[in-house]
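Summary of the model geometry
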Amino acid sequence: MLARPSTSFARVAASRLALATVPKRNLNLHEYQSSMIMAKHGVNTPKGGVATTAAEAKKVAEGIGSDNMVIKAQVLAGGRGLGTFDNGFKGGVHVGVKTAAEIEQMASKMIGAKLITKQTGAAGRICNKVAIVEAVQGVDEKYFAILMDRTYGGPVVVASAKGGVTIEDIAEKDPSAIIKDPVDITTGLKPGQAMEIAKKMKFKTASATESAAKNIEALYKTFIACDCTMVEVNPFMETTAGEICCVDAKIGFDDNAEYRQKEIHALRDTSQEDPMDVEAAAFDLNFINLDGNIACLVNGAGLAMATMDIIKLHGGEPANFLDLGGSVKTPQVVAAFKILNADPKVEGILVNIFGGIVNCATVAQGIIDAAKEVWGGSPKVPLVVRLQGNNVEGAMELMKGSSIKCILGDDLDDAAKKAVAAVAATKK
């Protein structure tokens, strides 16, 4: 009987795996990239630029021509302001910088170093670029977002006269402060709808209200034109000049529309991602790295969960979730083994395939090819293989006719026991 996912591991894995088995919406852009996209569609954003060297940062600062600037490390992680670089420099965000020389000095300590925050863990994340912008002189902060919402069957505007904190905090303290206004995706914003939303946000001046309406229209244009799932601006700031400036924004994109948004998706920064995740995505494999030492190569999320639970039940620790999918070909199996082999914590591999759509012989041939290409013969760690279903007879003939050293499992329980035992035996 399978162990129920009642452990904390299983609950965490279940929540993570749910994201891996549906069409993923995971393009994550840097702050400066989101700002460029919004500005292209008419949204008012802070004046500034991006730099890859300290000298470039100085030139950007000189072009801004202000004695009140902000420099931000372009790292895809939260908590940058409180982070520390691996060279000892503190803070990934510095506000109120007065001179271009100071910007140059700070950039020299940020670029090329790894920023360590609560979200990155001890390994940190490399900072290859910094954004330098003119500090916005604000008199009031609001919240504005457009989301794709199933409840409304399309886009919905979510806004508040209160900003500067998370929308969750606003909703908890004062639910009445939340403005929700659905938009018909077939016709877009109705005439005057942006102005009505702006009025409800209670800006201090008429000029700011007018500017807000224009920016709301531009943000909706961004949302539709770029196939967004979310555009969130916080703070949506009223400036001392009576204008609106979208100071900080997060944009989510629908990966299913990548084919018509190639320019945007080309902005993806793979240096901010786990190299194994990047490699898996290149071969259309669903991969999630975990903390254990027994790698799992499976087809199907449900079978993957069961495999990890059984490994855990018999005293082992899963090292990953790797789902080959239903249309897998031999090169993808080889790529999967390369990914597993690149993980230094993997001490054993369990292949668990139930062939419905998948041809077991395809997986078997992939194992044989991978053994030659990756290890030059047989795997360097214990390999346990359990194949069942479509063309399993042909798969078994291939496996038995090869020179690969592997352990065959009769069923899932047997295979998991053998994998845990084989890894334990290597430590004696």
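Up top you'll find the structure we're talking about.
Bear in mind the structure is a predicted one, so any value in this text is a computation, not a measurement.

Attention now goes to helix H11 (residues 330-341). Taking 1.5 Å per residue as the helical rise, H11 with its 12 residues ought to reach 16 Å, and the 17 Å between its terminal C-alpha atoms agrees with that figure. With nine of 12 residues buried, H11 is to be regarded as a mostly interior element.

Taking strand neighbours across the sheet as the criterion, the three strands line up as E3-E5-E6 in an open arrangement whose pairing is antiparallel. Strands with a single pairing partner mark the edges of an open sheet, and in this sheet they are strand E3 (84-85) and strand E6 (125-126). Strand direction decides the pairing type here: E3 and strand E5 (residues 114-116), joined by two bridges, are antiparallel. Of the residues in E5, the one forming a bridge with Thr 84 is Ile 116.

The next thing to look at is the state of the cysteines. One pass over the structure, following the stated rule, counts zero disulfides. Just so you know, Cys 228 is unpaired, no disulfide at all, and the nearest cysteine sulfur is the one on Cys 226, 5.0 Å from it. Cys 228 sits in the buried class, given a relative accessible area of 4%.

Our next topic: the sheet that holds strand E2 (residues 69-73). Judged by pairing direction, the sheet is antiparallel, and its four strands sit side by side in the order E1-E7-E2-E4 without closing on themselves. Both edges of this open sheet fall to strand E1 (48-51) and strand E4 (93-97), since each of them pairs with a single strand only. Going across the sheet, the axis of each strand differs from the next one's by a mean of 15°, ignoring polarity. Two strands pair when backbone bridges link them, and E1 and strand E7 (residues 130-134) are joined in this way by four bridges, in the antiparallel orientation.

Below, the discussion takes up helix H6 (residues 193-200). Buried residues of H6: Gln 193, Ala 194, Ile 197 and Ala 198, and no others. For H6, the buried positions fall inside an angular range of 140° around the axis, keeping them on one side. Residues of H6 that are buried make contact with strand E8 (138-149), strand E9 (154-160), strand E10 (178-182) and helix H7 (206-225). Once H6 ends, the next one or two residues include Lys 202, with phi positive near 60°.

Its place among the elements puts Ser 271 in the loop between helix H8 (262-265) and helix H9 (275-282). Along the chain, Ser 271 and Lys 90 lie 181 residues apart, while their C-alpha atoms are 22 Å from each other. If we ignore the near neighbours within four places in the chain, the residues touching Ser 271 are Ile 126 and Asn 128. Among the polar contacts listed, one links the side chain of Ser 271 to the side chain of Asn 128, at a separation of 3.1 Å. Within the structure, the side chain of Ser 271 is placed 2.5 Å from the side chain of Asp 269, a separation counted as a polar contact.

Quick notes on the rules
- Residues numbered from 1 in each chain as written.
- Predicted model: local features only at pLDDT ≥ 70, side-chain atom pairs only at ≥ 80, totals over all residues.
- Heavy atoms only, no water.
- Helix = DSSP H or I, 4+ residues; strand = E, 2+ residues; numbered from the N terminus.
- Expected span 1.5 Å × (residues − 1).
- Buried < 20%, exposed > 50% of the residue type's maximum accessible area, 1.4 Å probe, protein only.
- Pairing = 2+ DSSP bridges.
- Disulfide = S-S within 2.5 Å.
- Axes fitted to C-alpha atoms, helices over the stretch in contact; angles between N-to-C directions.
- Arc of directions from axis to C-beta.
- Contact = heavy atoms within 4.5 Å.
- Polar contact = N/O pair within 3.5 Å; in protein donor to acceptor, adjacent residues only side chain to side chain.

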